[in-house]
There are 2 protein chains.
Amino acid sequence: MKSKLDKIDFKILEILQNDCRITTKKLAERLNLSSTPVFERIKKLEKEGFIDKYVAILNERKIGLKQTIFIGVKLKGHTRSYLQNFLKQVNSFEEVTECYQVSGNFDFLVKIVIADIDAYETFVQTKLSLISEIGNVHSYIAIKKGKNTTHLDLSFLKDSLE
Amino acid sequence: MKSKLDKIDFKILEILQNDCRITTKKLAERLNLSSTPVFERIKKLEKEGFIDKYVAILNERKIGLKQTIFIGVKLKGHTRSYLQNFLKQVNSFEEVTECYQVSGNFDFLVKIVIADIDAYETFVQTKLSLISEIGNVHSYIAIKKGKNTTHLDLSFLKDSLE
DNA sequence: GGTGAAAACATCTTCAA
DNA sequence: TTGAAGATGTTTTCACC
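Quantities reported herein were computed from a predicted structural model and do not represent experimental measurements. (Residues numbered from 1 in each chain as written. Chains lettered and ligands numbered in written order. Predicted model: local features only at pLDDT ≥ 70, side-chain atom pairs only at ≥ 80, totals over all residues. Heavy atoms only, no water.)

Considering unusual backbone geometry
All names here are of chain A. Applied cut-off: The helix count covers DSSP runs of H or I at least four residues long, the strand count covers runs of E at least two residues long, and both are numbered beginning at the N terminus. Only protein chains enter the accessibility calculation, which uses a 1.4 Å probe; a residue is then buried when its area is under 20% of its type maximum, exposed when over 50%, and partly exposed in between.
In the Ramachandran plot, asparagine 32 falls in the positive-phi region, its phi being about 55 degrees despite a non-glycine side chain. Secondary-structure assignment places asparagine 32 in the loop between helix 2 (24-30) and helix 3 (35-47). For asparagine 32, a relative accessible area of 69% gives the class exposed.

Concerning the nonpolar core
The condition that has to hold: By convention a nonpolar core is built from buried Ala, Val, Leu, Ile, Met, Phe, Trp, Tyr and Cys residues, the set being connected through side-chain atoms within 4.5 Å. Contacts are assigned to residue pairs that have any heavy atoms within 4.5 Å of one another.
One finds Leu16 and Leu27 of chain A together with Leu16 and Leu27 of chain B to be the most contacted residues of the largest nonpolar core, which totals 52 residues. When contributions to this core are tallied by element, the ones reaching two or more residues are helix 1 (7-18), helix 2, helix 3 and strand 1 (51-58) of chain A together with helix 1 (7-18), helix 2 (24-30), helix 3 (35-47) and strand 1 (51-58) of chain B. In contact with leucine 16 of chain A, not counting residues within four places along its chain, are Ile22, Leu27, Ile42, Ile51 and Tyr54 of chain A together with Arg21, Val55 and Ala56 of chain B.

Focus on the interface of chain A and chain B
Where we set the bar: Take the accessible area each of two parts loses on contact, using a 1.4 Å probe, and add the two losses: that sum is the buried area. Throughout this description, the term salt bridge denotes a Lys or Arg side-chain nitrogen within 4 Å of a carboxyl oxygen of Asp or Glu. Here a polar contact means two N or O atoms within 3.5 Å. Within protein one must be a hydrogen donor candidate and the other an acceptor candidate, and residues neighboring in sequence count only if both atoms are side-chain atoms.
On the side of chain B, 67 residues touch chain A, which itself brings 67 residues to the contact. The largest share of the area that chain A buries against chain B comes from Arg21, Tyr100 and Lys147 of chain A, three residues that together contribute 12% of it. Linking chain A with chain B are 4 salt bridges. With its nearest N and O atoms 3.9 Å apart, the salt bridge here joins glutamate 46 of chain B to arginine 21 of chain A. At the boundary of chain A and chain B, one finds 44 residue pairs in polar contact (both at pLDDT 80 or more). Broken down by secondary-structure element, the contributors of at least two residues to the side of chain A that touches chain B are helix 1, strand 1, helix 4 (60-63), strand 2 (67-75), helix 5 (80-92), strand 3 (96-102), strand 4 (108-114) and strand 5 (134-148) of chain A. The leading source of residues in the side of chain A that touches chain B is strand 5 of chain A, at 11 residues.

Let's talk about the environment of valine 73 of chain B
Residue and element names in this part refer to chain B. Within the fold, valine 73 resides in strand 2 (residues 67-75). Residue classification places valine 73 among the buried positions, given a relative accessible area of 0%. For the pair valine 73 and serine 139, spaced 66 residues apart in sequence, the C-alpha separation works out to 8.8 Å. Setting aside residues no more than four positions away along its own chain, valine 73 makes contact with Phe86, Phe106, Asp107, Phe108, Val110, Ile134, Asn136 and Val137.

Quick notes on the protein's contact with DNA strand D
Here is the rule: Only heavy atoms are used to decide nearness, and a residue is near a molecule or strand if one of them lies within 4 Å of it.
Within the structure, DNA strand D sits among Thr23, Thr24, Lys25, Thr36, Phe39 and Lys43 of chain A together with Leu33, Ser34, Thr36 and Pro37 of chain B. Close to the protein, within 4 Å, the atoms of DNA strand D belong to sugar or phosphate groups at a rate of 75%. A distance of 3.4 Å is found between a base oxygen of DNA strand D and a side-chain nitrogen or oxygen belonging to threonine 36 of chain A. Elements supplying a minimum of two residues to the surface near DNA strand D: helix 2 and helix 3 of chain A together with helix 3 of chain B. Among the elements that make up the surface near DNA strand D, the one with the highest residue count is helix 3 of chain A (3 residues).

A look at the pattern of salt bridges
Where charged atoms from two side chains of opposite charge come close, those side chains can pair. Evaluated as defined, the whole model comprises 16 salt bridges over all chains. Between arginine 41 of chain A and aspartate 6 of chain A there is a salt bridge; the shortest N-O distance is 2.9 Å. A residue pair is termed long-range when its members are at least 10 positions apart, and arginine 41 of chain A in helix 3 and aspartate 6 of chain A in the segment before helix 1 qualify at 35 residues. Exposure remark for aspartate 6 of chain A: the relative accessible area of 18% places this residue in the buried category. Several salt bridges share partner residues, and in doing so they unite Glu98 and Lys111 of chain A together with Glu98 and Lys111 of chain B into one network.

Shape descriptors only; they carry no functional weight alone.
Following this line, the structure appears as C-alpha cells:
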C-alpha cells in the first residue's frame, strides 16, 4: 500500500491544490486520460493520506476577520507537562489557526486570525493569559499581508518520480 | 450587492470550510431546506467574494515536506521601494506559503514549508540571501506541530446576523 | 497500468404554486 | 421562496485490453 507517486499523481495533486471542484472528467481531459484512471488515482491519493481534506477558503477581510497576529510565546518551564498543557489549551482556541513548537528565542509561535485589535485584546485577557504555563509573549501584528496560500511546492518531487 | 450574511449563510460557510465536496443536496438536507435556495446562496457567497476558492489540503509529511520554518526578517532600510522589492521577491518563492509585514522587532514574518533542513539551507543560500534588501534574519524551526488549519472562527458573527 | 460504455447519481433550469 | 420535474452532465462500476 505504500506506493510512490508518479508524474500523473503529481499533476493531479497540483491541480487539486488550486481547484478541488474540478470534475474528474475535466481533470482527465487536461491529462489526456479517460475518467476512470483519474478517478481511481484520486481515490487512492485520498485513501493513502496524501490528500487530507477538501475545503473552502474564505476571504478573511470580507468575512470581517481583519487582523492576523503572530505571538511568540516563552513558557515558564519546559517539562513535558508544561508543553502538553500549553499545547492542549492553545489548540482549543478557535481564534488560533496555527501553532508550532519552535527552536529559537521563543518556545512556540502561534498564529491568530481575529476580527480586530479590540477582539485581540479580549482574546488575550479572557483566554491566552489564563494559560498558566506562559512566561512571556511577544506579539507581531500584521500590518500588511503578503502571500497567504495553502499551495505546497511539489517541484522538489519531480526528480524522484517513477 | 453588499448583502449581509444571515444564519443560513453562516452555516453554509461553516460546513464548506470543513468539507467543500459535500453535494448541494446533502448540505440542503443538513439545513432542512431544498437544494434550490442552498445552491443559490452558495453561488452568491462565491460571487460576492466570501468564498475565495476551493482547494485540496495535502498532507505535508506524507508528501515529503517535513519542515516548517518561520523567518523573522529585518530589512536594511524602510523606504517604500525596500518594502516592495522585498515583498515581490519573497512572494515569488514557491517555498514561501505566508508572508506578513509586522510590527514588533521584525519587519516581516515569513513561513516556509520545505522538504528538510538541507533543502532549507539551499533555499537560504540560493534564494533568500540574494534579496539585497534583507538586513538580518532569525529562523524559528518548527520542532513540533500543533494546530494547522484553514478553518476560520466565524462565531464572532453570531450576534450580528440578520 | 489503461479504455469506453452504461447505470446511478447530482446538478441546474424552468415553472407553477 | 419553495418544491417538483426533466434535461444535462458527472461519478462510479464493469467488462475488456
